[in-house]
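These are the residues of each chain, in order.
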Amino acid sequence: MLPTPAGEDPDRPAGLHVGHLDLAARVDEALRVQAMAFGLSEEEIGIRRYIVQRHMTCRGARALGAFTEDGVLAGFVYGMPNDRTHWWSGVVEPYLRADGLEGWLEGSFVITELHVHPGFQGGGVGRALITRITDTAAEERSILSAIDTESPARGLYRSLGYTDLARQVHFPSASLPYAVMGAPLPLRRP
């Protein structure tokens, strides 16, 4: 991210506004961003539409978007306080327990999805989204899962204070292994 002139918000990507996203109402637009960023098929988009809409009914779920001046969605993040009865927690718990880290599932805000349109990547959009959503969390820490490869996303998470809690986590619906990462809140700033 480029240096920010004095008096400007360091968490605001140039030319974009970060604010509340009614994800249930704009789910198709968000999934188009995710498809471009993550490479989803039409079938996967259909499955994720249902999942996103269900997640947005969960206690404490909220979403933020990064919008262009004309209101186009350039990126989004959503998350919620972790609930150990949810599918994700059930999958990752044995991996965390193996290293004595299952306590991370308590008192954590989960970053469920974070995606930035490829045309806006590398400009601080992901950083602005994740820091803004976790800044409003009542929980003491944040957890997330990311594909277990060295990627710009993993680099971003590490720069914010996330560390690997478990690696080679296999989700039943994913072909690639994931890493579960956790960070104390508030997230580290550059």
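Nothing here was measured: the structure is a model prediction, and the numbers come from that model.

Novice: Got a sec to walk through the pattern of salt bridges? Specific residues and values, please.
Specialist: Across all of its chains, the model carries 13 salt bridges by this definition. Measuring nitrogen to oxygen at the nearest pair gives 2.6 Å for the salt bridge that ties Asp28 to Arg49. Residue Asp28 is found in helix 1 (residues 27-38), and its partner Arg49 is found in helix 2 (residues 42-55); the two are separated by 21 residues along the sequence. For Arg167, the salt bridge identified is with Asp164, shortest N-O distance 3.8 Å. Relative accessible area serves as the criterion here: at 30%, Asp164 is assigned to the partly exposed category.

Novice: Provide a residue-level description of unusual backbone geometry, including the pertinent values.
Specialist: Residue Pro186 is bonded to the preceding Leu185 through a cis peptide linkage, with omega at 0 degrees. Residue position: Pro186 is located in the segment after strand 7 (178-184). A positive phi is found at Gln168, a non-glycine position, where the angle reads about 55 degrees. Residue position: Gln168 is located in strand 6 (residues 163-169). For Gln168, a relative accessible area of 41% puts it in the partly exposed group.

Novice: So what about the sheet that holds strand 5 (residues 141-147)? Which residues, and what values?
Specialist: Remark on secondary structure: sheet strands pair via backbone hydrogen bonds, oriented parallel or antiparallel. The strand order across the open sheet built from seven strands is 1-2-3-4-5-7-6, with neighbouring strands paired in mixed fashion. In the strand order of this sheet, the two ends are held by strand 1 (17-20) and strand 6, each with one partner. Taking each pair of neighbouring strands and ignoring which way they run, the sheet shows an average axis angle of 20 degrees. Sheet topology note: the strand 5/strand 7 ladder contains seven bridges and is antiparallel.

Conventions we followed
- Residues numbered from 1 in each chain as written.
- Predicted model: local features only at pLDDT ≥ 70, side-chain atom pairs only at ≥ 80, totals over all residues.
- Heavy atoms only, no water.
- Salt bridge = Lys/Arg side-chain N within 4 Å of Asp/Glu carboxyl O.
- Helix = DSSP H or I, 4+ residues; strand = E, 2+ residues; numbered from the N terminus.
- Buried < 20%, exposed > 50% of the residue type's maximum accessible area, 1.4 Å probe, protein only.
- Pairing = 2+ DSSP bridges.
- Axes fitted to C-alpha atoms, helices over the stretch in contact; angles between N-to-C directions.

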